[in-house]
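# Remarks on the overall topology
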Amino acid sequence: MNLFTEVNLNRLKLGLYGGLFFFSFFTIIAVPMTTEDVGGCLLYAEAGKKAGSDSNCNYCVAMAVIFGMLYGLFRLVTLVLLVLGKLAPDFVLFSDLCQLVYTGVDTVAWFLVFISACILSAGINSFCSTVIGDCSNYTQVSRLHAAEAGAWISFILWLVLMVVGIFWLFRQGKLPFISRSAQAGDSGTQGASGTTPQMDIPPASPEDPKY
């Protein structure tokens, strides 16, 4: 029984994008709340300074908004309509080109969200080790830990989406660069092992000429 069908794939993606949409709010809510409470971004804050660079917090929030909330919501809505039969599988949003674009966006999102998760983890550790030492009872840092968890969970979900998307395209033969390479390899093999064309031999004369 083949479980990796297009219907099951759409349901899997529906769940993954739903998770991304949900966990994006961990960062979207927690980071701005912390920044507003302390008057700045706590990530990479140094001793003697009230806060670190705002660009670190802004980047993390931007990745959650762009990929987790907006793009995740777009994919979530389209897949729900597809599963419910409101959109046909041959609709333009589910064409081979769009599927290739979606996989590319998933790959970019996976990489950028990985950077966001690393910024949150390293920034929190830097703040705790250089400023207050023990962050276990610090409310603002607890919020940042929630954002950190949401970012790492999102990173894992993006990774699953990227792998599943690439595998499905490869299985369906819809990866253009692999298809061209395979066709070039087949033509080269046929050219190298091709047989020499046989020349037509004229039929023998029915009888020898007489002199």
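Residues numbered from 1 in each chain as written. Predicted model: local features only at pLDDT ≥ 70, side-chain atom pairs only at ≥ 80, totals over all residues. Heavy atoms only, no water.

The next thing to look at is the confidence of the model for the protein chain. Across the protein chain, pLDDT averages 83, with 78% of residues at or above 70. Within the protein chain, the element-level pLDDT minimum falls on helix α5 (residues 176–192), averaging 50, and the maximum on helix α2 (residues 54–83), averaging 95. Under a pLDDT of 50 for its full length, residues 180–188 has, in the predicted model, zero contacts with residues more than four places off or in other chains. (pLDDT = per-residue confidence, 0-100. Helix = DSSP H or I, 4+ residues; strand = E, 2+ residues; numbered from the N terminus. Contact = heavy atoms within 4.5 Å.)

So, on to the packing of helix α1 (residues 6–38) against helix α4 (residues 139–171). In the contact formed by α1 and α4, the axes pass within 8 Å of each other and the chain directions differ by 155 degrees. It follows that α1 is roughly antiparallel to α4 by the angle criterion. Once α1 is placed against α4, the crossing between them reads as left-handed. By residue class, the composition of the contact of α1 with α4 is 22 nonpolar, six polar and four charged. (Axes fitted to C-alpha atoms, helices over the stretch in contact; angles between N-to-C directions. Parallel < 35°, antiparallel > 145°, perpendicular 65-115°, else oblique. Left-handed = near helix turned anticlockwise from the far one by under 90°. Nonpolar A, V, L, I, M, F, W, Y, C, P; charged D, E, K, R; others polar.)

Moving on: the environment of T5. Turning to its location among the elements, T5 is positioned in the segment before α1. You can call T5 partly exposed: its relative accessible area is 27%. Along the sequence, T5 and W168 sit 163 residues apart, while their C-alpha atoms lie 9.3 Å from each other. (Buried < 20%, exposed > 50% of the residue type's maximum accessible area, 1.4 Å probe, protein only.)

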